[in-house]
Amino acid sequence: MKIFHHSRFHDSGALAALKRNHGLRVSVCIPTLDEADTIGVIVSCIRKELMDTHGVVDEVIVIDSGSTDATRDLARAAGADVYLSAEIAPESGTFRGKGENLWKALHVATGDLICFVDGDIANFDPHFVTGLVGPLLEDPSLCYVKAFYERPLDHPQGFRPTGGGRVTEILVRPLLSLFYPELTAFLQPLSGEYAARRETFRSLLFPCGYGVELAHLIDLSRTIGPDAMAQTDLDQRHHRNRSDEELGRMAFGILQVLFRRLERDGKLTLASSLPEILQTWHFDGLNLAAEATAIPEPERPAFAK
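Each chain carries its own residue numbering, running from 1 in the written order of its sequence. Selection of residues for local features in this predicted model requires a pLDDT of at least 70, selection of side-chain atom pairs for listing and counting requires 80 or more, and totals for whole chains, interfaces and linings are taken over all residues. In computing side-chain properties, one takes all heavy atoms of the structure into account and sets aside hydrogens as well as water.

Asker: How would you summarise the overall build of the chain if you had to cite specific residues and measurements?
Answerer: Counting from the N terminus, the helices are the DSSP runs of H or I reaching at least four residues and the strands are the DSSP runs of E reaching at least two. Secondary structure summary: the chain contains nine helices and 14 strands in total. Only C-alpha atoms enter the radius of gyration, while the globule expectation follows 2.2 Å times N to the 0.38, with N the number of residues. Rg of the C-alpha trace for the chain: 19 Å, near the compact-globule value of 19 Å for 305 residues, within the 12% margin. Dimensions of the chain along its principal axes, counting C-alpha atoms only, are 60 × 45 × 45 Å. Restricting to contacts in the chain with at least 6 residues of sequence separation, those with at least 24 account for 73%. Computed by Shrake-Rupley with a 1.4 Å probe, the accessible areas treat only the displayed protein chains as cover when residues are assessed. If you sum the accessible surface of the chain, you get close to 13700 Å²; carbon and sulfur atoms cover 54% of it. Each charge class in the chain was averaged separately, 31 positive and 42 negative side chains, and the resulting centres sit 4 Å apart. Residues are treated as being in contact if the distance between any of their heavy atoms lies within 4.5 Å. For the purpose of counting charges, residues Lys and Arg are taken to be positive, whereas Asp and Glu are taken to be negative. His and the chain ends are not included. By convention, the point assigned to a charge is CZ for Arg, NZ for Lys, CD for Glu and CG for Asp.

Asker: Explain the layout of surface pockets to me, and be specific about the residues and the numbers.
Answerer: Site definitions follow a grid-based scheme: protein atoms alone, a 1 Å grid, a 1.4 Å probe that fits but cannot get out for cavities, and for pockets an open set with protein on both sides within 12 Å along at least five of seven lines, plus lining residues having an atom within 4 Å of a point. Grid points are joined across faces, edges and corners, and a volume is the space filled by probe spheres set on the points. A volume near 1100 Å³ is recorded for the largest pocket. Broken down by secondary-structure element, the contributors of at least two residues to the lining of the largest pocket are strand 2 (26–32), helix 4 (98–108), helix 6 (166–179), helix 9 (244–264) and strand 13 (288–294). In terms of residues, the lining of the largest pocket owes the most to one element, helix 9, which gives five residues. Across the lining of the largest pocket, the residue classes tally to 14 nonpolar, 15 polar and 15 charged. Here the nonpolar group is Ala, Val, Leu, Ile, Met, Phe, Trp, Tyr, Cys and Pro; Asp, Glu, Lys and Arg are the charged ones; every other residue, Gly included, is treated as polar.

Structure (structure tokens):
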């Protein structure tokens, strides 16, 4: 597997020339839910630096899950094409979740290369895009490029240089070490920043929630193999840190996706179907109460060839 640093692709003019020479279009797609604090800056940066000035990117698309803040208005004002996920391919129904937004994005994006970036990046810079599409433009043998970075943890005394990515370090990396050790080479298996060729994305199943990134790594390792996959060091990513409760719900969805693949790949046998209810508890200072949260993780099919 090839590993790059984003600085190798700092020359946006050269990337635009490569894109034109190959006759390709590039789409940047951003899934959102209540990202008013960051989405305007992200879209403005892409529009100014990568579309209007250099022409590396041909379109920036925001796929929204139904934000209750000003996310859609700010994204539209900054120059993005904005869609409600539920209104894309309505004949397919709709689910709520990050993976659903990514799958819906493939219905409207026109690029030959598609780059996904999250909408909560607080230190966004053009290299979050150029560092991912650059390898695909430079090397036709590559099909998929994944980001890695340091993830500081927001703390009352300021940012700690590391400590983010708790689900990765506590849950996903140990499980990959046990069952898919070849995938431990991916430094940030759950990173939301990655790019691929359109046909690569269209060949994949898309879990509708937070299991989508891990599912893609496992499935691509079977189909295209590590020689067609790469990683790019984007240095550091600042974003909104989530509560333990949110991370628990994320982990529950990821585990459903992982166990389905473990059974499919003959690594274990499930005695019964997996439940979709996360059992937790809540303490209000006086009373302790059980809580049951439904977290289904259905999977959208690959696109017909």
